[in-house]
Amino acid sequence: MKPKILFLHGSGTNPLIFRIQSRNLLSLLSPHFEPVFLPGFHECAPGPGVLPFFEGAEPYLKWLDDSSPSEEEVCWAELDRLVAEVEKKGPFLGVVGFSQGAKAGMELVRELERRGREMRFWVGVCGTVPFQGGGDEVREGGWKESLGLGRAERTESFHLIGGEDPWRGESERLVGFFGETGRRVRRFEGGHQMPLDKGVNREVVEWILGVCRM
């Protein structure tokens, strides 16, 4: 039986869409690992770039309910729910997350470290930082407060950042949520998307195989 890798989709998509978006990475990973795609917990509007190509592919899902007046309370409630799902569907060697899925994955591996049950690696593509509710000042204070809760120090991380991604600044900030040892950053040509370049995807897979010593 192949070891499992958890895949967490971005906001406004779902496991089916993310599987298609990740096809280049999956073609290289699948000989070695079993990818497991979990669905987000809340229905929402389709995400950036989802329409018209994925019209009719509902439901569109997200991990966090950002409409809550207290996103922090929602975040912790959903984090416990995600941990429970991972314990039920695992074990997993690592997690690959896109956009909000990368943020959810960061919260997951950080929480697992707190509980003494860590994964070996985290791969975040065009990730966003915690706490997106409210205005700019609230968001700025929110992600800094979250960073103050500590980093994921024992989980090796690979950060893929799109050079033309409108949320590139958030992806750069997300790097700081992981310890410097075992942290790798790769900037690629593209926007808010999974990398299409075969060389970039091969680099990610070779890094994962190295981390897992396979």
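Looking at an unreviewed UniProt entry, the protein chain carries the name Podospora anserina S mat+ genomic DNA chromosome 7, supercontig 1, with the source organism given as Podospora anserina. Recorded in UniProt for the protein chain, the comment headed Sequence similarities (unreviewed entry) runs: "Belongs to the LovG family."

**Q** In this structure, what is going on with the pairing of strand β1 (residues 4–8)? I would like to understand it.
**A** When a strand is regular, its side chains alternate between the sheet's two faces. The element β1 is largely enclosed, with a buried count of 5 among its 5 residues. Taking every second residue as pointing to the same face, both faces of β1 are buried, with Lys4, Leu6 and Leu8 on one and Ile5 and Phe7 on the other. Taken together, the 5 bridges between β1 and strand β2 (residues 34–38) define a ladder with parallel strand orientation. Bridge pairing links Leu8 to Leu38 in β2.

**Q** Looking at this structure, I do not really get the pattern of salt bridges. What am I missing?
**A** When their charged atoms lie close together, side chains carrying opposite charge are able to pair. Taken as a whole, this structure holds 12 salt bridges when the rule is applied. A salt bridge links Asp80 to Arg115; its shortest N-O distance comes to 2.9 Å. You can see Asp80 sitting in helix α3 (residues 71–89) and its partner Arg115 sitting in the loop between α4 (100–114) and β6 (121–125), a full 35 residues away along the chain. Taking the relative accessible area as the measure of exposure, Asp80 reaches 43% and is therefore partly exposed. For Arg115, a relative accessible area of 34% translates into the label partly exposed. One salt bridge connects Arg186 with Glu203, and the closest N-O pair in it is separated by 2.9 Å. Of the two residues, Arg186 sits in strand β8 (residues 183–188) while Glu203 sits in helix α7 (residues 198–211), which places them 17 residues apart along the sequence.

**Q** Help me understand the pairing of strand β5 (residues 92–98) in this model?
**A** Counting buried positions over the 7 residues of β5 gives 7, a clear majority of the element. Pairing of β1 with β5, which is carried by 5 bridges, proceeds in the parallel orientation. Among the inter-strand pairings, Lys4 is bridged to a residue of β5, identified as Phe92. Relative to β6, β5 runs parallel, the two being bridged by 5 bridges.

**Q** Would you mind going over the side chain of His159 with me for this structure?
**A** Within the secondary structure, His159 is located in strand β7 (residues 156–162). Assessed through its relative accessible area of 2%, His159 is described here as buried. Polar side-chain contacts of His159 include one of 3.0 Å to the side chain of Ser157. Among all residues touching His159, those that are not within four sequence positions of it are Trp122, Gly124, Leu174, Val175, Phe178, Arg183, Arg184, Val185 and Arg186.

**Q** I tried to follow the packing of aromatic side chains on my own but got confused; where do I start?
**A** The description of an aromatic ring pair uses the distance of the two centres, along with the angle that the planes make with each other. Evaluated as defined, the whole model comprises 9 aromatic pairs. The interplanar angle of 35° and the centroid separation of 4.3 Å between the aromatic rings of Trp122 and Phe178 together place this pair among those described as tilted. Here Trp122, found in strand β6, pairs with Phe178, found in the loop between α6 (168–174) and β8; they are 56 residues apart in sequence, far enough to count as distant. Trp122 sits in the buried class, given a relative accessible area of 1%. For Phe178, a relative accessible area of 0% translates into the label buried. A connected cluster of aromatic rings, assembled from ring pairs, spans Phe7, Phe18, Phe37 and Phe98.

**Q** Please clarify how α4 should be interpreted in this entry.
**A** Note: α-helices contain 3.6 residues per turn, so residues at a spacing of three or four share the same orientation. For α4, with 15 residues, the first-to-last C-alpha span of 21 Å sits near the 21 Å given by 1.5 Å per residue. In terms of burial, α4 is a largely internal element, 14 of the 15 residues being buried.

**Q** I'm lost on the side chain of Thr155 in this one. Help?
**A** As for its placement among the helices and strands, Thr155 is situated in the loop between α5 (136–147) and β7. There is a polar contact of 2.7 Å between the side chain of Thr155 and the side chain of Glu113. If sequence neighbours within four positions are ignored, Thr155 has contacts with Val109, Glu113, Glu118, Met119, Arg120, Phe121, Trp122 and Phe178.

**Q** How should I be thinking about a nonpolar patch on the surface in this particular structure?
**A** Taken together, the side chains of Leu16, Ile20 and Phe53 present a nonpolar region at the surface, about 330 Å² in accessible area. Structurally, Phe53 can be placed in the loop between β3 (42–43) and β4 (61–62). On the basis of relative accessibility, which here comes to 65%, the residue Phe53 falls in the exposed class.

What counts, and at which threshold
Residues numbered from 1 in each chain as written. Predicted model: local features only at pLDDT ≥ 70, side-chain atom pairs only at ≥ 80, totals over all residues. Heavy atoms only, no water. UniProt positions renumbered as here; feature names shortened; annotations may be inferred. Buried < 20%, exposed > 50% of the residue type's maximum accessible area, 1.4 Å probe, protein only. Helix = DSSP H or I, 4+ residues; strand = E, 2+ residues; numbered from the N terminus. Pairing = 2+ DSSP bridges. Salt bridge = Lys/Arg side-chain N within 4 Å of Asp/Glu carboxyl O. Polar contact = N/O pair within 3.5 Å; in protein donor to acceptor, adjacent residues only side chain to side chain. Contact = heavy atoms within 4.5 Å. Phe/Tyr/Trp six-rings, centres within 6.5 Å; stacked < 30°, edge-to-face > 60°. Expected span 1.5 Å × (residues − 1). Patch = residues over 30% accessible without salt bridge, like charges linked within 9 Å, V, L, I, M, F, W, Y side chains within 5 Å. Areas by Shrake-Rupley, 256 points an atom, 1.4 Å probe, with all protein chains shown as cover.

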